[in-house]
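Below are the chains, spelled out letter by letter.
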Amino acid sequence: MKKPTFDKVFFIRLAFIVVLIIIAVVMFVIGKQHNIYFDNKDWGDYKAYQFVEVQVDKQDSMELARRDRDVFTVVAQNHTIYIDAMGEEKTVKVHIPLMMKNVLINIPALMKGESQDKWMEEFVIETVSYSADETVVTDETAGLLGD
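Residues numbered from 1 in each chain as written. Predicted model: local features only at pLDDT ≥ 70, side-chain atom pairs only at ≥ 80, totals over all residues. Heavy atoms only, no water.

A few points about the overall build of the protein
Here is step 1 of the chain: Summing up its helical and strand segments, the protein has 4 helices and 8 strands in all.
Here is step 2 of the chain: Secondary structure elements of the protein, listed N to C terminal, follow the sequence α-β-β-β-β-β-β-β-α-α-β-α.
Here is step 3 of the chain: Buried residues in the protein amount to 27% of all 147 residues.
Here is step 4 of the chain: Taking all contacts inside the protein whose residues are at least 6 apart in sequence as the whole, residues at least 24 apart take part in 57%.
Here is step 5 of the chain: With the model as given, the accessible surface of the protein reaches about 10800 Å², and the carbon-plus-sulfur share is 57%. (Helix = DSSP H or I, 4+ residues; strand = E, 2+ residues; numbered from the N terminus. Buried < 20%, exposed > 50% of the residue type's maximum accessible area, 1.4 Å probe, protein only. Contact = heavy atoms within 4.5 Å. Areas by Shrake-Rupley, 256 points an atom, 1.4 Å probe, with all protein chains shown as cover.)

Quick word on the sheet that holds strand β6 (residues 88–95)
By definition, the strands of a sheet pair up through backbone hydrogen bonds, in either a parallel or an antiparallel sense.
Here is step 1 of the chain: Strands sit in the order β3-β2-β5-β6 across an open sheet of 4 strands; the sheet is antiparallel. The two strands at the open ends of the sheet, each matched to only one other strand, are β3 (62–65) and β6. Adjacent strand axes in the sheet meet at a mean angle of 25° when their direction is disregarded.
Here is step 2 of the chain: Where strand β2 (residues 51–56) and strand β5 (residues 78–85) come together, 5 bridges link them in antiparallel fashion. Bridged to Val 54 within β5 is Ile 83. (Pairing = 2+ DSSP bridges. Axes fitted to C-alpha atoms, helices over the stretch in contact; angles between N-to-C directions.)

Re the packing of aromatic side chains
Here is step 1 of the chain: Per the stated rule, a full pass over the model turns up 5 aromatic pairs.
Here is step 2 of the chain: Each ring, one from Phe 6 and one from Phe 10, has its centre 5.0 Å from the other, and the planes form 75°; the classification is edge-to-face.
Here is step 3 of the chain: Taken together, the ring pairs connect Phe 6, Phe 10 and Phe 11 into an aromatic cluster. (Phe/Tyr/Trp six-rings, centres within 6.5 Å; stacked < 30°, edge-to-face > 60°.)

Looking at unusual backbone geometry
Here is step 1 of the chain: Phi at Arg 67 takes a positive value of approximately 65°, unusual for a residue other than glycine.
Here is step 2 of the chain: One non-glycine residue, Met 86, lies in the positive phi region at around 55°.
Here is step 3 of the chain: Structurally, Met 86 is set in the loop between β5 and β6.

A closer look at the side chain of Asn 106
Here is step 1 of the chain: Position of Asn 106 relative to the elements: it lies in strand β7 (residues 102–106).
Here is step 2 of the chain: Ignoring any residue separated from it by four or fewer positions in sequence, one finds Asn 106 in contact with Asp 39, Lys 41, Trp 43 and Trp 119.

Points about the environment of Glu 53
Here is step 1 of the chain: For Glu 53, the location among the structural elements is in strand β2.
Here is step 2 of the chain: Taking the C-alpha atoms as reference, Glu 53 lies 5.7 Å from Ile 83; in sequence the two are 30 residues apart.
Here is step 3 of the chain: Apart from residues no more than four positions distant in its own chain, Glu 53 is found in contact with Ser 61, Met 62, Glu 63, Tyr 82, Ile 83 and Asp 84.
Here is step 4 of the chain: A distance of 3.0 Å separates a polar atom in the side chain of Glu 53 from a polar atom in the side chain of Ser 61. (Polar contact = N/O pair within 3.5 Å; in protein donor to acceptor, adjacent residues only side chain to side chain.)

Laid out in structure tokens, this is it:
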């Protein structure tokens, strides 16, 4: 068996592999996609606004009425959020943690000056599953199937 040699070609290949790994890590961090859900609902003592306009970065703004929730899909970690709640305006810079896919932002808490850990939390989407043994009735024929 031939002894490995640490010549110029070996170090060029090693440097190329290291550069590829660094590029992959940078692309993962920069290109990470997040969903930012905005919630215009009552939160503790804070009441929801009748009408709110929200904009993230340079995307089109969206309008939320009382008890509405909507989502922006963004790429990267740092974002600028602009909120106009019935004449009360606020611009906030937000850093989304890398491994959070979905983030929920409560607008009334944000507008009242609470800290970021109060108005921003990870949003977990709940899924419901059922077994094949269960009968699911979705219309008015419920009484015809019996027990």
